[in-house]
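Working through the structure, step by step
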Amino acid sequence: MDRDALTVVPEAAAAPTLRPAARANAFRALRSKPFRWYFAGQIASASGTFVQATAIGWLVLQLTGSPASLGMVLAAGGVPSLLLGPWGGVVADRVDLRRLLIGTQITYGLLAALLWVAAVTGRPGVPLVIAVTVAGGLVQIVDSPARQAFVAQLVPPADLASAASVNGVVMNSARVVGPAVAGVLIASVGTTPCFALNGISYLAVVAALLAIRPLAATAAAPGKTGGVVSALRYARTRQQLWLPLTMMALVGLLAFNFPVILPVFAERTFHGTGGTYGLMSTMLSIGSVAGSLAVGLIRHPRRTYLVATSATFAAALTVTAAAPNLPTACAALALTGFTAFSFVTMASTALQLHSDPSYRGRIMALWVFVYLGTTPIGSVISGWITDSSGPRAALLVGAAACLVATGVAARVHTPPNPDAAV
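These numbers come from a predicted model, not from an experiment. (Residues numbered from 1 in each chain as written. Predicted model: local features only at pLDDT ≥ 70, side-chain atom pairs only at ≥ 80, totals over all residues. Heavy atoms only, no water.)

**Some remarks on the overall build of the chain**
When helices and strands are tallied, the chain shows 16 helices and 0 strands. By residue count, 55% of the 422 residues in the chain fall in the buried class. Partitioning the contacts of the chain with sequence separation of at least 6, the portion at a separation of at least 24 is 88%. Here the chain has roughly 16,300 Å² of accessible surface; of this, 69% comes from carbon and sulfur atoms. (Helix = DSSP H or I, 4+ residues; strand = E, 2+ residues; numbered from the N terminus. Buried < 20%, exposed > 50% of the residue type's maximum accessible area, 1.4 Å probe, protein only. Contact = heavy atoms within 4.5 Å. Areas by Shrake-Rupley, 256 points an atom, 1.4 Å probe, with all protein chains shown as cover.)

Shown next, in the form of structure tokens:
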């Protein structure tokens, strides 16, 4: 057995089933009707989310003319997760996830409607954008871990790896559709319709959640399951949990600040418009979809795969930073998206596969914390670097962070208990 395997399966038992499972692995979760409903609703809602995110980035840059100010606005949305993020998982482990998600999606829709009304009645100022961003960050504290934990209630346990991968494909497909639609809207009619479109998109996911009935075999009964400290103790003793979390903390801090860097890269480095920014975001997202799909073909994520994707992410960021023209930058961004979200999807899948259902909400809250909760710090740092030294320098700093994470994972020793190894 390869010491890097996340789960230990006797070779004799694994041999007859490994090849067929590998062929069906990527999409087999879609055999579940509840998951298909969820899949359809998430495509619409996530696409609307990225339409709005792209519009906010462009709007703030136009209002302020400052990458540092854009970084501060985006950082504001991450402050709630930075301060309270892990406690969102405690809520997710104690309440009915479907009802919780219906409430969070309705709230997101109302916030988008508020931005739209402000844009229609008068140009929305930066303070309002910050207020809505912070409010969305508060909702995200419980929404993100609940969404990821809810996936496990929609498929049989054997299909959880596929569900995690397909869920990643949904989000990354939205990264393609959302910025592309936003780019067209911004270039033709401005940012205002982007907010309306996002608000409407939440109706689809609310309708899907109302129709869904989780599988009885996988739905954990809500109740008192301990707090954040118990989840940290649980993760600390399992390498397949603490290692992906540690790597994501390092990578997420400095390598995932594309909303801060790309608008400036498009406007100042390549002298583009909102359409240029949308194109660059779309190319990044096309690679992201391909990366998530590639992970779906892997039966068991391994530590060697995490090391490889983190290292190649660093290389792709370096190539993007050195791109001499827009076509080269777009091609490099596609490669960056592939490597970045291969890493993210693989790490997220490992956490879901190896978390006990009673801890899954809190473990995924820790994941959201290291992935999104670092945004306030990372956005400010990247915004400052971009403002002072340019977007190419910010990309190179992200590449360095990936190399540090690669080195940490490569030097980890396998514990005596092989079941705890990544």
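Having seen the model, we can carry on.
**Some details on the packing of helix α9 (residues 239–254) against helix α13 (residues 326–353)**
Interaxial distance between α9 and α13 falls to 9 Å at its minimum, and their mutual angle equals 150°. Judged on the interaxial angle alone, α13 and α9 are roughly antiparallel. Pair α9 / α13 crosses with left-handed handedness. Note on element contacts: α13 touches α9 through F343, V344, A347, A350 and L351, opposite Q240, L241, P244, L245, M247, M248 and V251. (Axes fitted to C-alpha atoms, helices over the stretch in contact; angles between N-to-C directions. Parallel < 35°, antiparallel > 145°, perpendicular 65-115°, else oblique. Left-handed = near helix turned anticlockwise from the far one by under 90°.)

**What to know about the environment of G287**
Its place among the elements puts G287 in helix α11 (residues 274–296). Overall, G287 belongs to the buried group, its relative accessible area being 5%. Remark: the alpha-carbon pair of G287 and T336, spanning 49 residues in sequence, is separated by 6.9 Å. Excluding anything up to four places from it in sequence, G287 contacts A334, G337 and F338.

**Re the confidence of the model for the chain**
On average, residues of the chain score 80 in pLDDT, and 86% of them are at 70 or above. Note on residues 1–24: pLDDT is under 50 here. Beyond four places in sequence and across chains, it has 37 contacts. (pLDDT = per-residue confidence, 0-100.)

**Side note on the pattern of salt bridges**
Evaluation of the coordinates by the stated rule reveals 3 salt bridges. Across the pair R147 and D143 runs a salt bridge, and its minimum N-O distance is 2.8 Å. Here R147 and its partner D143 are both found in helix α5 (residues 126–151), 4 residues apart, which amounts to about one turn of the helix. Between E267 and R268 there is a salt bridge; the shortest N-O distance is 4.0 Å. Given the relative accessible area of 39%, R268 is considered partly exposed. (Salt bridge = Lys/Arg side-chain N within 4 Å of Asp/Glu carboxyl O.)

**Some words on the environment of I141**
As for its placement among the helices and strands, I141 is situated in helix α5. Judged by its relative accessible area of 9%, I141 falls in the buried class.

**Here's the deal with the packing of aromatic side chains**
Summed over all chains, the structure comprises 10 aromatic pairs. Taking 5.7 Å as the distance between ring centres and 25° as the angle between the ring planes, the aromatic pair formed by Y108 and Y202 counts as stacked. Residue Y108 is found in helix α4 (residues 97–121), and its partner Y202 is found in helix α7 (residues 192–211); the two are separated by 94 residues along the sequence. Pair check on accessibility: Y108 and Y202 agree, each one buried. Between W367 and Y371 the ring centres are 5.6 Å apart and the planes differ by 50°, which places this aromatic pair in the tilted class. Taken together, the positions of W367 and Y371, both in helix α14 (residues 360–371) and 4 residues apart, correspond to about one turn of that helix. Its relative accessible area of 15% is what places Y371 among the buried residues. An aromatic cluster is defined as three or more aromatic residues linked by ring pairs; in this entry it consists of F256, F258, F313, F341, W367 and Y371. (Phe/Tyr/Trp six-rings, centres within 6.5 Å; stacked < 30°, edge-to-face > 60°.)

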